[in-house]
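The chain contents come next:
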Amino acid sequence: MPPMPSVPPMPPMPSVPLAPGTTREGGWQESSGPAGFSGPFATSGLIGSSVIRPDAVDKARGDFAFSSDLWAEGMLWGKVLRSPYPSARILSIDTARAQQMSGVMAVLTWADLPGDQVFGLEAKDQPVFAHDMVRYSGEPIAAVAATHPELARQAADAIVVDFEPGPPLVDPDEALSAPAIHEEGNVFRHIALRHGDIEAEGDVVVEGTYEVGMQDQAFMGPESGLAIPSSDGSVDLYISTQWLHVDRDQVAACLGLPPELVRLHLAGVGGAFGAREDITIQVQLCLLALRTRRPVKMVFSRAESFLGHVHRHPARMWYRHHARRDGTLVKVEARIVLDGGAYMSSSAAVIANATCFAAGPYRVPSAAVDGFAVRTNNPPCGAMRGFGAVQVCFAYESQMDRLADALQMDPIELRLKNAICPTDRLITGQVVGGTAPVAEVIRAAAEAPLPEPASGDLLELPGGAGRCAEYDKVVRGTGFAVGFKNLLYSEGFDDFSTARCRLDGDMATITCAAAEVGQGFVTLARQVATETLGVTKVRILSGDTNEIGSAGSTSASRQSWMSGGAVLEACKAVADRILSMAADTLQVRPETLRLSGGHVVSGDGIPLISLDDLTRGKPVEESVVFHHRPTDPLDSEGQGNAHVSFAFVAHKAVVDVDVELGLVRVVQLSTAQDVGKVLNPLQLLGQIEGGTLQGVGLAVMEELLVADGIVQNPSFTDYLIPTALDAPDIVVARLVEEPDPLAPFGAKGAGEMPAISSTPAVVSAIRDATGLALSRVPVRPQDIANG
Amino acid sequence: MSISLCSMATISGIARPVSLEGVLDVLDEDPATQVLAGGTDFMVEVNYGHRKPQSIVALSRVAGMRTWQVVEDHLVIGAGVTYSRLMKEQLAGLVPGLAQAARTVGSPQIRNAGTIGGNLGTASPAGDSLPILLALDALVNIRSKHSSRSLRVDEYVIGPKKHALQPGEIIVSVRIPLSDTSQEFLKVGTRNAMVISVAGLALVVDWRLGRVGCGLGSVGPTPIRASEAEAWLAGIIDWEERRIPDRDGYGQEFGRLVARAASPIDDHRSSAAYRSHALSVCGKRAYERICRQRRQVSPGIVDGA
Amino acid sequence: MDTSANKDRAVLPESTVRVDLRINGRNYVLPDIWIGENLLYVLRERLGLPGSKNACEQGECGSCSVLVDGVLVCACLVPAADASGREITTVEGLGRTLADPADSSGKHQEVQEEELTQQEEGVQELSGPAMIASSIPMPQLQDISVTDGMSFEGVLSRMHPVQQAFVMTGAIQCGFCTPGLVVAIADLLNHNPHPSSLQVREAISGNLCRCTGYGRIFAAVRRAEELLAGTA
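Everything quoted here is computed from the prediction, not taken from an experiment.

Cut-offs and rules
- Residues numbered from 1 in each chain as written.
- Chains lettered and ligands numbered in written order.
- Predicted model: local features only at pLDDT ≥ 70, side-chain atom pairs only at ≥ 80, totals over all residues.
- Heavy atoms only, no water.
- Helix = DSSP H or I, 4+ residues; strand = E, 2+ residues; numbered from the N terminus.
- Buried < 20%, exposed > 50% of the residue type's maximum accessible area, 1.4 Å probe, protein only.
- Areas by Shrake-Rupley, 256 points an atom, 1.4 Å probe, with all protein chains shown as cover.
- Contact = heavy atoms within 4.5 Å.
- Buried area = accessible area lost by both parts, 1.4 Å probe.
- Salt bridge = Lys/Arg side-chain N within 4 Å of Asp/Glu carboxyl O.
- Nonpolar A, V, L, I, M, F, W, Y, C, P; charged D, E, K, R; others polar.
- 1 Å grid on protein atoms, 1.4 Å probe; cavity = no way out; pocket = protein on both sides within 12 Å on 5 of 7 lines; lining within 4 Å.
- Points joined across faces, edges and corners; volume = space filled by probe spheres on them.
- Pairing = 2+ DSSP bridges.
- Polar contact = N/O pair within 3.5 Å; in protein donor to acceptor, adjacent residues only side chain to side chain.
- Axes fitted to C-alpha atoms, helices over the stretch in contact; angles between N-to-C directions.
- Parallel < 35°, antiparallel > 145°, perpendicular 65-115°, else oblique.
- Phe/Tyr/Trp six-rings, centres within 6.5 Å; stacked < 30°, edge-to-face > 60°.
- Lys NZ or Arg CZ within 6 Å of the ring centre and 35° of its normal.
- Core = buried A, V, L, I, M, F, W, Y, C linked by side-chain atoms within 4.5 Å.

S.K.: Explain the overall build of chain B here, please?
M.R.: Along chain B, the regular secondary structure elements total 12 helices and 14 strands. Looking at chain B as a whole, 59% of its 305 residues qualify as buried. Of the roughly 11800 Å² of accessible surface on chain B, a fraction of 50% belongs to carbon and sulfur atoms.

S.K.: Is there a simple way to explain the overall build of chain A in this structure?
M.R.: For chain A, the count of helices and strands is 17 helices and 32 strands. When the 787 residues of chain A are sorted by exposure, 70% land in the buried category. Expressed as a percentage of contacts within chain A between residues at least 6 apart in sequence, the contacts between residues at least 24 apart total 81%. Within the structure as shown, chain A displays about 22700 Å² of accessible surface, and the carbon and sulfur contribution to it stands at 51%.

S.K.: Would you mind going over the interface of chain A and chain B with me for this structure?
M.R.: One widely used convention gives an interface's size as the accessible area the parts lose upon coming together. With 42 residues of chain A at the interface, the matching set in chain B holds 39 residues. In this assembly, chain A packs against chain B so that about 3200 Å² is buried in total across both faces, 47% of it on carbon and sulfur atoms. On inspection of chain A and its partner chain B, the count reaches 8 salt bridges. Asp718 of chain A is the salt-bridge partner of Arg269 of chain B, the closest N and O atoms lying 2.5 Å from each other. Where the side of chain A that touches chain B is concerned, the elements lending two or more residues are helix 3 (149-158), helix 7 (302-308), strand 28 (663-674) and helix 17 (781-785) of chain A. Residue composition of the side of chain A that touches chain B, by class: 18 nonpolar, 12 polar and 12 charged.

S.K.: Where do I start with the environment of Met298 of chain A in this structure?
M.R.: Residue and element names in this part refer to chain A. Tracing the backbone through its elements, the reader meets Met298 in strand 15 (residues 296-299). Each C-alpha atom of the pair Met298 and Val80 lies 8.9 Å from the other, and the pair is 218 residues apart in sequence. If we skip the residues at most four places from it in the chain, Met298 touches Gly78, Lys79, Val80, Glu223, Ser224, Gly225, Ile281, Gln284 and Leu285.

S.K.: Would you mind going over the layout of surface pockets with me for this structure?
M.R.: One water molecule sets the probe size; rolling that probe over the atoms shows where empty space is left. Considering only enclosed or pocket space, the second largest pocket measures out at about 1400 Å³ in volume. Lining the second largest pocket we find 47 residues, and of these Ser84, Arg85, Lys88 and Asn112 of chain B together with Val71 of chain C sit closest to its centre. Per-class residue counts for the lining of the second largest pocket are 20 nonpolar, 13 polar and 14 charged.

S.K.: Explain the pairing of strand 3 (residues 88-94) of chain A here, please?
M.R.: Remember that side chains alternate between the two faces of the sheet whenever the strand is regular. Residues and elements named next belong to chain A. Pairing of strand 3 with strand 7 (residues 133-134), which is carried by 2 bridges, proceeds in the antiparallel orientation. For Arg89, the partnering residue across the bridge sits in strand 7 and is Met133. Summarising the sheet, strand 3 and strand 9 (residues 160-165) pair through 6 bridges and their orientation is antiparallel. In the strand pairing of strand 9, Ala88 is matched with Pro165.

S.K.: Mind showing me how you'd approach the interface of chain C and chain A here?
M.R.: Each partner contributes to the interface: chain C provides 78 residues, whereas chain A provides 100 residues. Our count for the chain C to chain A interface comes out at 6 salt bridges. The partner of Asp69 of chain A in a salt bridge is Arg44 of chain C, with the nearest N and O atoms 2.8 Å apart. The interface formed by chain C and chain A includes 25 residue pairs in polar contact (both at pLDDT 80 or more). For the side of chain C that touches chain A, the class distribution of residues is 38 nonpolar, 23 polar and 17 charged.

S.K.: Just checking my understanding: could you explain unusual backbone geometry for this structure?
M.R.: Among all residues save glycine, negative phi is the norm, and among peptide bonds the norm is trans. All names here are of chain A. Omega for the bond connecting Val777 with Pro778 falls within 30 degrees of zero, at -5 degrees, which places this linkage in the cis form. In this fold, Pro778 is placed in the loop between strand 32 (776-777) and helix 17. Residues other than glycine seldom take positive phi values, yet Arg293 does so here, at roughly 55 degrees.

S.K.: Just to check I follow, could you spell out the sheet that holds strand 5 (residues 74-78) of chain B for this structure?
M.R.: Strand pairs in the sheet, formed through backbone hydrogen bonds, run parallel or antiparallel to each other. All names here are of chain B. Taken in spatial order, the 5 strands of this open sheet run 4-5-10-6-7, and their pairing is antiparallel. Either end of the sheet is taken by a strand with one partner, and the two such strands are strand 4 (68-71) and strand 7 (148-152). Strand-to-strand twist in this sheet, taken as the mean axis angle between neighbours without regard to direction, amounts to 25 degrees. Across 5 bridges, the pairing between strand 5 and strand 10 (residues 170-177) is antiparallel. Residue pairing in the sheet places Gly78 in a bridge with Ser173 of strand 10. Taken strand by strand, helix 1 (residues 20-29) contacts strand 6 (139-143) and strand 10, and its axis lies near 130 degrees from that of strand 10.

S.K.: Just to check I follow, could you spell out the pattern of salt bridges for this structure?
M.R.: Side chains that carry opposite charge are capable of pairing whenever their charged atoms lie near each other. Residues and elements named next belong to chain A. For the coordinates displayed, the defined rule picks out 75 salt bridges over all chains. The partner of Arg189 in a salt bridge is Glu491, with the nearest N and O atoms 2.6 Å apart. One end of the pair, Arg189, is in strand 10 (residues 187-195); the other, Glu491, is in the loop between strand 19 (474-487) and strand 20 (496-504), with 302 residues separating them in the sequence. Taking relative accessible area as the criterion, Glu491 reaches 23% and is therefore assigned partly exposed.

S.K.: Hey, could you run me through the packing of helix 10 (residues 227-236) of chain B against helix 11 (residues 250-261) of chain B in this one?
M.R.: Packed helices, taken two at a time, are described by their axes: the angle between them and the distance between them. Residue and element names in this part refer to chain B. Orientation of helix 10 relative to helix 11, taken along the N-to-C sense of each, is 155 degrees, at an axis distance of 8 Å. The angle between the axes of helix 10 and helix 11 places the two elements in the roughly antiparallel class. The segment helix 10 lies against helix 11, with Glu228, Ala229, Trp232, Leu233 and Ile236 engaging Tyr250, Glu253, Phe254, Leu257, Val258 and Arg260. Here the contact of helix 10 with helix 11 is composed, by residue class, of 8 nonpolar, no polar and 3 charged.

S.K.: Help me out: how do you make sense of the sheet that holds strand 19 of chain A in this one?
M.R.: Residues and elements named next belong to chain A. Strands sit in the order 19-27-28-31 across an open sheet of 4 strands; the sheet is mixed. This sheet does not close on itself; its edge strands, each paired only once, are strand 19 and strand 31 (729-736). Pairs of neighbouring strands in the sheet enclose a mean axial angle of 20 degrees, with direction left out of account.

S.K.: Honestly, helix 6 (residues 161-169) of chain C in this entry has me stumped. Any pointers?
M.R.: An α-helical turn contains 3.6 residues, so a residue and the one three or four places further along point in the same direction. Within helix 6 of chain C, 8 of the 9 residues are buried, leaving the element largely enclosed by the surrounding structure. Those residues of helix 6 of chain C that sit buried are Pro161, Val162, Gln163, Gln164, Ala165, Phe166, Val167 and Thr169 of chain C. Those residues of helix 6 of chain C that are buried are in contact with helix 1 (56-61) and helix 15 (681-700) of chain A together with helix 5 (152-157), helix 7 (178-191) and helix 9 (215-229) of chain C. Just downstream of helix 6 of chain C, Gly170 of chain C is the residue with a positive phi angle, here 75 degrees.

S.K.: How should the packing of aromatic side chains be read in this particular structure?
M.R.: How two aromatic rings sit relative to each other is set out by the distance from centre to centre and by the angle between their planes. Throughout the structure, instances matching the rule amount to 19 aromatic pairs over all chains. Measuring from centroid to centroid gives 5.9 Å for Trp77 of chain A and Tyr41 of chain C, while their planes differ by 45 degrees, and the two rings are tilted. Residue Trp77 of chain A is located in strand 2 (residues 76-82), and its partner Tyr41 of chain C is located in helix 2 (residues 39-46); the two belong to separate chains. Taking relative accessible area as the criterion, Trp77 of chain A reaches 7% and is therefore assigned buried. With centroids separated by 5.8 Å and ring planes inclined at 55 degrees, the aromatic side chains of Trp207 of chain B and Trp239 of chain B adopt a geometry described as tilted. Placement of Trp207 of chain B in the loop between strand 12 (199-206) and strand 13 (211-217) and of Trp239 of chain B in the loop between helix 10 and helix 11 is noted, with a sequence separation of 32 residues between them. Among the aromatic residues, those joined into a cluster by ring pairs are Phe357, Phe484, Phe646 and Phe648 of chain A. Sitting over the ring of Phe219 of chain A, Arg276 of chain A keeps its end group 3.8 Å from the ring centre. Cation over ring: Arg558 of chain A sits above Tyr489 of chain A, and NZ or CZ is 5.6 Å from the ring centre.

S.K.: How should the pairing of strand 21 (residues 507-511) of chain A be read in this particular structure?
M.R.: Residue and element names in this part refer to chain A. Of all 5 residues that make up strand 21, 4 are buried, and the element is covered over most of its length. Hairpin connection from strand 20 to strand 21: 2 residues lie between these consecutive antiparallel strands, with Gly505 at a positive phi of about 65 degrees. For strand 21 and strand 22 (residues 537-541), the ladder comprises 5 bridges, and the chain directions are parallel. Along strand 22, the bridge assignment pairs Thr509 with Arg539.

S.K.: Help me out: how do you make sense of empty space enclosed by the protein in this one?
M.R.: With the rule as written, the count across this model stands at 13 cavities of 30 Å³ or more. Estimated volume of the largest cavity: approximately 210 Å³. Considered as a void within the structure, the second largest cavity measures approximately 150 Å³ in volume. Together, 17 residues line the second largest cavity, and Leu663, Val664, Val700 and Met701 of chain A together with Thr190 of chain B are the ones closest to its centre. Secondary-structure elements contributing two or more residues to the lining of the second largest cavity are strand 28 and helix 15 of chain A. Broken down by element, the lining of the second largest cavity gets its largest block of residues, 4 residues, from strand 28 of chain A. Grouping the constituent residues of the lining of the second largest cavity by class yields 8 nonpolar, 5 polar and 4 charged.

S.K.: How do you make sense of the nonpolar core when you look at a structure like this?
M.R.: Across soluble globular proteins, nonpolar side chains show a tendency to be buried alongside one another. One finds Tyr319, Ile336, Leu533, Val762 and Ile766 of chain A together with Phe166 of chain C to be the most contacted residues of the largest nonpolar core, which totals 248 residues. Ranked by the residues each element gives to this core, the list is headed by helix 13 (residues 559-586) of chain A, at 13 residues. Apart from the residues lying within four places of it in its own chain, the contact partners of Leu533 of chain A are Cys501, Leu503, Ala508, Cys571, Val574, Ala575, Leu595 and Leu611 of chain A. Counting 91 residues, the second largest nonpolar core, distinct from the first, contains Val23, Met65, Ile77 and Val204 of chain B.

So this is what it looks like as structure tokens:
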């Protein structure tokens with residue numbers, strides 16, 4: 001065998017090829033060298049090139065079938081009745097009138113649910129249908145199936161629910177001491193992180209409190225799906241989701257069915273950003289289909305979408321930073337309260353992230369951080385791009401600016417002075433390890449050139465089309481922020497992905513249940529197969545939940561690493577077998593051969609046997625389960641090697657502020673990101689630009705407003721996300737490629753990082769322009785104008 | 001092909017007459033019939049189940065309502081003229097403030113479908129064309145099969161999303177006096193496009209008639225006329241010389257008076273305090289822009305296509 | 001299911017109307033639709049044209065952008081009953097307006113009259129997904145070269161230049177906003193072949209995209225501009 005130090009996730013090579021369909025375990029392996037992809041299978045330059053999405057043509061033509069586009073003969077329309085109250089006792093539910101309506105085929109409540117009444121990602125505490133209590137406004141109470149969506153709506157309206165409303169618990173701080181609103185209590189999790197010398201004091205101390213409003217993922221494709229029952233009592237659900245298998249497990253439990261009788265298929269997903277990690281309509285759809293014995297389709301309206309999925313946790317954060325006079329950080333104290341809303345969702349993991357990363361990508365020898373995720377009667381919160389790291393980044397970066405001010409020190413210099421290195425410890429006690437080019441991303445973003453002054457066209461000034469700006473009243477500001485986040489799942493979670501590769505002639509078929517939500521996994525899988533097998537005909541299938549094992553969630557910046565790794569291993573296993581077969585035929589050693597251009601070729605590239613000849617009609621197939629390095633839980637003081645790897649990012653923001661009116665236009669964001677290795681430059685750019693703009697949205701306009709437990713703006717009329725006239729120019733100052741020794745190809749996940757430091761950078765720039773403290777996002781016009 | 005009306009007392013379905021008279025006949029027969037003048041507000045309500053139409057009369061085929069014309073010293077704009085047409089050169093030249101307001105409405109798609117008659121029909125306090133129509137002293141021309149009348153905008157809008165139309169009546173056009181005017185429209189929203197107004201202000205100075213008009217949006221239950229501010233400004237303008245004094249503090253004072261006319265509320269879009277503040281800033285800026293226009297200095301406004 | 005088969009024939013309590021639509025050069029007759037149905041619903045759910053997307057149904061996202069008599073509008077805000085007799089172009093018909101490379105005569109497609117009825121036949125009892133699987137459009141994630149049996153260039157050449165540009169410049173991620181944007185940009189370039197950067201931003205300010213941050217979409221507009229001008 002030639003040396004292959006650069007391919008770390010290589011499982012031990014079996015001496016005898018496994019039979020087709022055999023699953024073997026692959027995954028992490030410590031490696032001595034960097035992990036650029038080379039070795040015997042590297043036959044083309046496709047990894048690292050801007051390969052076009054395989055679904056792009058269909059999407060551009062309008063031919064790509066999203067979950068809301070599905071249709072079946074005899075299909076019914078589902079509709080969910082939701083609670084208008086954030087807290088109420090249900091005295092009775094009368095469905096009689098709805099049942100009798102013409103065209104209405106089923107009206108179902110909790111009493112119709114054959115299995116578990118509750119579901120949840122981390123704890124099963126959320127009812128499929130409310131029974132005796134509703135705990136948030138928008139909680140499902142009943143579901144209807146009818147022959148027309150308007151009829152379904154009218155039938156849902158005809159259900160009479162007798163409520164006894166009570167006072168909602170809406171203040172997260174009060175929730176800590178208020179009487180429990182759920183048998184599981186009001187505190188989802190409290191982490192009391194203690195690190196180093198918690199008595200330490202700095203020469204300079206800065207203190208602040210910060211707030212982050214409730215952001216929504218606001219993906220474009222509403223929750224939707226189609227459930228098709230079979231006469232054997234099983235059901236097929238075509239659904240947009242981030243994780244087919246964990247949906248399947250929850251749905252099957254609620255339906256009281258063995259998992260294999262509930263087959264989930266990935267339908268086209270119109271964006272996700274975390275909101276599709278929890279189930280929303282899955283159980284209701286399947287139940288309606290099984291009861292009516294007809295296909296049932298459901299599509300949320302935009303209003304329902306805002307009520308029906310989890311949001312980013314609103315946060316209240318108190319911080320105290322201690323530093324020496326030279327700027328060296330001494331200690332960080334913080335108290336973080338995340339409002340988890342009525343049910344747990346992923347609150348426990350979100351507060352773990354917020355707590356672990358509370359001090360930022362800095363060398364902080366001592367820390368005392370108390371992180372709380374609490375239950376209230378507000379809408380449930382859970383996963384959103386950045387997952388806990390976003391909220392604290394706004395706080396710690398605001399603190400770093402404040403500290404620089406107090407020290408009369410350049411804020412970039414302060415950050416560089418404290419930038420964490422691979423050999424340093426986080427406040428969880430974990431050594432960062434791997435790669436941590438923090439100083440590099442800071443320098444590159446900070447040095448990015450500044451844009452030209454505004455043109456004077458009112459459209460380009462704050463207020464845009466409203467033409468309210470006055471050119472000479474507009475002040476330009478610049479700001480800076482750096483952030484970081486873990487990659488993959490943490491705290492000892494046994495995370496894995498499954499992939500199958502089948503080569504038949506010169507056509508490779510990859511089956512992997514990794515949810516393509518727009519991020520481009522399908523492109524990467526194709527690149528991996530092409531690179532590894534030397535073929536250009538590649539089919540990517542997501543399979544259904546019975547056809548292939550779990551690929552884990554499309555979240556936590558994990559699919560390129562985990563499912564990319566699984567696909568790589570599966571392809572390599574197939575390549576190994578083919579090379580062995582060819583070696584037998586040719587009477588040479590397999591190490592002298594490689595795959596290229598649909599052939600087995602010699603070391604110097606001369607085609608020897610075509611893949612067609614070797615495998616046509618006798619396909620070679622391998623399945624792989626890929627794991628990442630195991631992690632440990634956090635101990636009682638929030639210490640432990642809980643995370644696999646980290647990625648770092650910095651943004652420099654330039655804003656124009658109409659100080660009098662308090663309106664902001666974000667002009668430019670320059671960014672540098674630690675990406676390990678660039679797998680597809682075009683797709684990476686798309687992730688950076690899109691994630692950065694979501695951070696801009698949180699900085700200046702995006703907030704789901706909740707008053708007394710009721711969402712005030714569940715529409716695109718009033719939940720504002722940036723338009724093309726709001727989008728800044730986004731400049732990639734640098735992509736730092738220091739391969740992660742643990743990652744396939746050395747590539748770090750890149751999806752979440754852009755959404756982390758963009759928000760604090762923009763706010764820092766607004767502070768620069770206005771001189772205001774601005775401790776809450778989104779920054780509203782009145783915060784500036786009346787501030 | 002249009003759907004013919006059944007001859008029952010209550011109309012069911014959609015009527016798509018080709019003439020105004022046809023529309024009036026339908027409304028005469030069943031005054032509850034919903035008038036469709038673009039649909040950009042109406043269909044949102046239908047899509048979200050807030051409205052369940054039984055019968056609709058659509059104006060889309062009434063060619064006469066989609067035109068505008070200058071009649072002597074007035075401009076008459078048909079109720080079916082879209083925002084996009086209001087933005088186009090010829091109309092924009094006659095009523096630049098209305099064109100500016102039209103450009104702030106929704107999105108290009110909405111501006112292509114939504115109409116000036118529809119904006120009046122919805123009668124929202126946030127209707128973007130209403131402040132400038134108020135400031136222009138526009139009249140709303142109303143017809144039924146048996147009558148016709150004209151109302152000022154402040155007579156026409158009588159409450160939040162409430163108007164003075166009687167059963168069987170329809171807005172046929174808007175009549176705007178043409179004169180030698182300076183016009184300005186400013187709208188504040190928290191996004192640079194496609195946003196509901198948090199506060200809006202239109203200012204018109206009619207140099208020929210010696211009149212000032214100032215209309216406010218989103219700062220009260222209806223569009224509001226800032227009468228006190230109008231009177232104050234009319235009082236300081238030198239109508240003989242047709243000059244507006246460009247003096248320190250005047251803009252500020254005008255803005256203060258404008259804000260005093262408003263009765264804004266706190267809601268999910270903004271706060272009352274901010275709305276008042278934004279109005280005073282917009283008032284000052286509108287005043288200053290008109291001062292600049294009179295000085296023949298380019299106001300730095302580039303108007304796109 | 002006997003009783004429900006009868007119930008199934010129930011009509012909506014509200015008014016229903018007959019509508020004649022002309023979409024992408026074809027005529028359709030819908031004898032009996034609810035008066036409140038918007039054009040988007042009719043396209044997607046009655047006529048098998050789901051390319052126009054349903055992201056907000058309140059005219060605040062542009063995902064359902066279509067051309068009605070050559071004017072860009074949101075299909076969700078057009079009552080289908082008021083679209084009778086008007087020429088409707090959807091994303092599915094966008095490429096149609098170009099000369100088909102396979103048919104250089106560029107002749108108009110022959111109009112086919114289709115009488116569509118919905119939910120009027122008796123309901124079939126379902127025995128399993130196999131029976132209706134053929135009616136479910138599945139996401140097509142296959143490689144282009146596998147899907148169409150023709151070269152990538154061949155596939156592209158049958159698309160509108162704006163669609164080509166979206167594919168080539170990375171303007172597509174989840175793709176839900178794409179059809180609406182493609183229609184809006186085709187309309188923009190039709191009226192203004194060389195828009196300024198601000199004109200582009202204003203023209204697509206009614207089309208929300210949550211994935212891309214608009215950067216690659218701006219790039220796609222430039223690419224489409226070049227393709228249309230023949231300078232690409």
